[in-house]
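Spelled out from the first residue to the last, the chains are:
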Amino acid sequence: PDGLSVQITERQSVLDWKFGTTNYLVDSDGVVLDTYADKDLPQDAKAFPVIQSLDSRTLQMGDRVDAVAVRSAQTIQSQLAAAKLKITAVQYSPTTGLLVLGTTGPLNWKALVGTDAELDKKISILKGLLADTTLKWSYVDLRFVNKPVIQ
């Protein structure tokens with residue numbers, strides 16, 4: 001009684017949302033917390049997962065990017081890294097969602113993930129495709145897990 005307790009938690013950057021040479025550091029909700037040019041990016045931020053945005057809009061501090069893409073990219077990158085699979089980039093388009101690019105041995109591949117719908121299944125399918133060395137493919141559309149398209 002007769003008191004008020006306030007707890008403040010500062011937002012923390014978890015991902016580098018990159019467009020061209022501009023890096024937008026965002027939190028897990030997709031809120032832009034800071035902006036840097038490539039050459040000025042802080043050392044700790046260089047370890048963050050990166051999404052290369054294909055959306056050309058200019059962002060300001062406080063603006064929001066796709067939070068689902070932010071969380072999905074973190075999940076994709078951590079699960080594929082745990083499986084020792086090399087990702088060269090994660091790209092985001094507002095129309096198609098996330099596209100993961102990687103290399104496995106001599107194979108350069110692209111996996112269109114789209115949104116976070118059934119993300120664990122999509123990652124599992126991708127791991128299976130990459131584990132099967134008899135398959136020769138360079139692109140897979142995983143947006144519909146029951147009917148992936150492999151090229």
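The structure reproduced in this document is the subject of the present report. (Residues numbered from 1 in each chain as written. Predicted model: local features only at pLDDT ≥ 70, side-chain atom pairs only at ≥ 80, totals over all residues. Heavy atoms only, no water.)

1. A look at the side chain of S72
Moving on, step 1. Along the polypeptide, S72 turns up in helix α1 (residues 67–82).
Moving on, step 2. For S72, a relative accessible area of 3% puts it in the buried group.
Moving on, step 3. A polar side-chain atom of S72 sits 2.8 Å from the main-chain carbonyl oxygen of V68. (Helix = DSSP H or I, 4+ residues; strand = E, 2+ residues; numbered from the N terminus. Buried < 20%, exposed > 50% of the residue type's maximum accessible area, 1.4 Å probe, protein only. Polar contact = N/O pair within 3.5 Å; in protein donor to acceptor, adjacent residues only side chain to side chain.)

2. A word on unusual backbone geometry
Residues apart from glycine generally show negative phi values, whereas peptide bonds are mostly found in trans.
Moving on, step 1. The phi dihedral of K84 is positive, around 60°, even though this residue is not glycine.
Moving on, step 2. Summarising the element assignment, K84 is placed in the loop between α1 and β5 (86–93).
Moving on, step 3. The exposed category is assigned to K84, whose relative accessible area is 75%.
Moving on, step 4. The backbone phi angle of E118 is positive, close to 55°, even though this residue is not glycine.
Moving on, step 5. Mapped onto the secondary structure, E118 falls in the loop between β7 (107–114) and α2 (119–131).

3. What about the nonpolar core?
The nonpolar side chains of soluble globular proteins are, as a tendency, buried together.
Moving on, step 1. The biggest cluster of nonpolar side chains holds 29 residues, and the ones touching the most others in it are W17, I51, I76, L80, L98, W109 and L126.
Moving on, step 2. Those elements that provide at least two residues to this core are β1 (15–19), β2 (22–26), α1, β5, β6 (97–104), β7 and α2.
Moving on, step 3. Excluding residues within four positions of it along the chain, I51 makes contact with L15, D16, W17, K18, A69, V70, A73, V90, Q91, Y92 and L98. (Core = buried A, V, L, I, M, F, W, Y, C linked by side-chain atoms within 4.5 Å. Contact = heavy atoms within 4.5 Å.)

4. Focus on the sheet that holds β6
Moving on, step 1. On the basis of which strands lie adjacent, the open sheet formed by nine strands has the order β3-β2-β1-β4-β5-β6-β7-β8-β9 and mixed pairing. Only two strands of the sheet have a single neighbouring strand rather than two, namely β3 (32–37) and β9 (149–150).
Moving on, step 2. Note that strand β8 (residues 139–141) and β9 share two bridges and pair antiparallel. Counted as the bridge partner of D141 is V149 from β9.
Moving on, step 3. Sitting on the sheet, α2 is in contact with β6, β7, β8 and β9, with an inclination near 165° to β7. (Pairing = 2+ DSSP bridges. Axes fitted to C-alpha atoms, helices over the stretch in contact; angles between N-to-C directions.)

5. Regarding the pattern of salt bridges
Moving on, step 1. Going through the model one piece at a time under the given rule, you end up with seven salt bridges.
Moving on, step 2. A salt bridge links D29 to R11; the nearest nitrogen and oxygen atoms lie 3.5 Å apart. With D29 in the loop between β2 and β3 and R11 in the segment before β1, this pair connects stretches of sequence that are 18 residues apart.
Moving on, step 3. Residue class for D29 comes out partly exposed when judged on its relative accessible area of 36%.
Moving on, step 4. A salt bridge links R143 to D141; the nearest nitrogen and oxygen atoms lie 2.6 Å apart.
Moving on, step 5. Relative accessible area serves as the criterion here: at 35%, R143 is assigned to the partly exposed category.
Moving on, step 6. Taking the relative accessible area as the measure of exposure, D141 reaches 9% and is therefore buried. (Salt bridge = Lys/Arg side-chain N within 4 Å of Asp/Glu carboxyl O.)

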